[in-house]
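Residue-level listing of the chains:
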Amino acid sequence: MTLPADRVRIAPSILSADFAALGEAIARVEPVADLLHVDVMDGHFVPNLTIGPPVVAAIERHTPLTLDCHLMMTNPGDFLDAFARAGADWVSVHVEVDGTADLLAEMRGLGLGVGLAINPETPYEAIEPWLGRLDHVLVMTVHPGFGGQAFMGEVVPKLARIADAVAAGDRPVVVEVDGGIDVHTIGQVAAAGARCFVAGKAVFGAPDPAAAVSDLRRAAEAAVGVPR
Ligand code: DX5
Ligand code: ZN
């Protein structure tokens, strides 16, 4: 949590893992991943249902990885305390949901990493006022709800604008990107300023998930010019 905001981080999304063998899937990426991305869907904010605090608690007992919980929920405020108790480390709520100021304050009070997610069609202006209060900003490059969707390149200019605003500010906000990230798309989002990369299908759909994480890291570092 104290790592610099410009360090490359890879966050495998368990959405594309085998939920019946989740422990084994996590163990495979644990040595090479920086965070574990946990997609929480409520069947209302997005047209899909996934997991909630009991599963986060089980994962937390199983791995020391930082748990990056992405709450695709209409009413995240009803569950922030439960996710904190379950062991969530970073949490993102969506800027499209009402009550952003209260949600961010509650997350801060609970000691969570405070994040705000923004959908592809939501304009830059919606997130700009909040950047100074965040620990991370989660820029969606697919419409949330499902893994394995095609990367939306049209989001890249907004991502660059967000990253530029973060760089111009005095808060080390981690710029995180989520959706359709693979070795072919990671370079352009890294070049646009993203430094934390969520990847589901590209990791857990690969024959060797750990090697896939390393490949993603190498591609991102090459794009940002990190010496190796
Ligand atoms: C999409 C989720 C993503 C998803 C990404 O609703 O928020 O985190 O797991 O999966 P890929 O990398 O397969 O697009
Ligand atoms: Zn996600």
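Residues numbered from 1 in each chain as written. Chains lettered and ligands numbered in written order. Predicted model: local features only at pLDDT ≥ 70, side-chain atom pairs only at ≥ 80, totals over all residues. Heavy atoms only, no water.

### Re the coordination of the zinc ion (ligand 2)
At step 1: Every protein donor of the zinc ion (ligand 2) is listed here as His37 (NE2), Asp39 (OD), His70 (ND1) and Asp178 (OD), and their distances to the metal cover 2.1 to 2.3 Å.
At step 2: Between the six donor atoms coordinating the zinc ion (ligand 2), the angles at the centre fall across 71 to 171 degrees, so the site counts as octahedral.
At step 3: Here the donor residues of the zinc ion (ligand 2) are spaced in sequence according to H-x1-D-x30-H-x107-D. Of the two residues, aspartate 39 is situated in strand β2 (residues 35-41) and aspartate 178 in strand β7 (residues 174-178); the sequence distance between them amounts to 139 residues. Aspartate 178 carries the same exposure label as aspartate 39, and that label is buried. (Donors = N, O, S within 2.8 Å, 3.2 Å for Na, K, Ca; no water. Tetrahedral: all angles 85-135°; square planar, octahedral: opposite > 155°, others 65-115°. Helix = DSSP H or I, 4+ residues; strand = E, 2+ residues; numbered from the N terminus. Buried < 20%, exposed > 50% of the residue type's maximum accessible area, 1.4 Å probe, protein only.)

### Section: the sheet that holds strand β8 (residues 196-199)
At step 1: With parallel pairing, the eight strands of this open sheet are ordered in space as β1-β8-β7-β6-β5-β4-β3-β2. The strands lining the two open edges of the sheet, one partner per strand, are β1 (9-12) and β2. The average angle at which neighbouring strand axes cross in this sheet is 25 degrees, direction not considered.
At step 2: In this sheet, β8 lies alongside β7 in parallel orientation, the contact comprising three bridges. Residue pairing for β8: valine 177 is matched across the bridge by phenylalanine 197.
At step 3: Sheet strands in contact with helix α4 (residues 100-109) are β4 (90-94) and β5 (113-118), and its direction is about 150 degrees off that of β5. (Pairing = 2+ DSSP bridges. Axes fitted to C-alpha atoms, helices over the stretch in contact; angles between N-to-C directions. Contact = heavy atoms within 4.5 Å.)

### A look at the site of ligand 1
At step 1: Around ligand 1 sit 20 residues, and of these Ser13, Asp39, Gly145, Asp178 and Gly200 come closest.
At step 2: For ligand 1, an oxygen atom lies 2.7 Å from a polar atom in the side chain of aspartate 39.
At step 3: Between an oxygen atom of ligand 1 and a main-chain N or O atom of glycine 145, the distance comes to 2.7 Å.
At step 4: Those elements that place two or more of their residues in the shell around ligand 1 are β2, β3 (66-72) and β8.
At step 5: In terms of residue count, the dominant contributor to the shell around ligand 1 is β2 (three residues).
At step 6: Of the residues assigned to the shell around ligand 1, the class counts are eight nonpolar, nine polar and three charged. (Near = heavy atom within 4 Å. Polar contact = N/O pair within 3.5 Å; in protein donor to acceptor, adjacent residues only side chain to side chain. Nonpolar A, V, L, I, M, F, W, Y, C, P; charged D, E, K, R; others polar.)

### Overview of the pairing of β5
At step 1: Burial within β5 is extensive, with six of its six residues counted as buried.
At step 2: Residue alternation in β5 divides its side chains into two sets, Gly113, Gly115 and Ala117 and Val114, Leu116 and Ile118, and both sets are buried.
At step 3: As for the winding sense of the linkage, the β-α-β connection from β4 through α4 to β5 is right-handed. (Right-handed = clockwise from strand over helix to strand, strands pointing away.)

### Let's talk about the side chain of aspartate 39
At step 1: Among buried charged residues, aspartate 39 stands out as having no salt bridge; its nearest opposite-charge side chain is lysine 201, 15 Å away.
At step 2: Polar side-chain contacts of aspartate 39 include one of 3.1 Å to the side chain of histidine 70.
At step 3: Among all residues touching aspartate 39, those that are not within four sequence positions of it are Ser13, Leu15, Thr50, Ile51, His70, Met72 and Asp178. (Lys, Arg positive; Asp, Glu negative; His and termini not counted. Salt bridge = Lys/Arg side-chain N within 4 Å of Asp/Glu carboxyl O.)

### Observations regarding helix α6 (residues 156-168)
At step 1: Taking 1.5 Å of rise per residue, 13 residues should cover 18 Å, and α6 covers 18 Å from first to last C-alpha, within 8% of that figure.
At step 2: Along α6, the positions that sit buried rather than exposed are Val156, Lys158, Leu159, Ile162, Ala163 and Val166. Projected onto a plane normal to the axis of α6, the buried residues spread over an arc of 160 degrees and lie on a single side. Residues Pro157, Asp164 and Ala168 are exposed on α6 and point more than 90 degrees away from its buried face.
At step 3: As for α6, its buried residues are in contact with β5, α5 (124-127), β6 (136-140), β7 and α7 (186-191). (Expected span 1.5 Å × (residues − 1). Arc of directions from axis to C-beta.)

### Structural notes on the environment of serine 214
At step 1: Residue position: serine 214 is located in helix α9 (residues 209-224).
At step 2: Between the C-alpha atom of serine 214 and that of valine 203, which follows or precedes it by eleven residues, the distance is 9.7 Å.

### A closer look at the packing of helix α1 (residues 22-29) against helix α2 (residues 53-62)
At step 1: Where α1 contacts α2, the two axes come as close as 11 Å, and the packing angle between them is 45 degrees. Looking at the two axes, α1 sits oblique to α2. For the crossing formed where α1 meets α2, the hand is right-handed. Where α1 abuts α2, its residues Leu22, Gly23 and Ile26 lie against Val55, Ile59 and His62.
At step 2: Of the residues contributing to the contact of α1 with α2, the split by class is four nonpolar, two polar and no charged. (Parallel < 35°, antiparallel > 145°, perpendicular 65-115°, else oblique. Left-handed = near helix turned anticlockwise from the far one by under 90°.)

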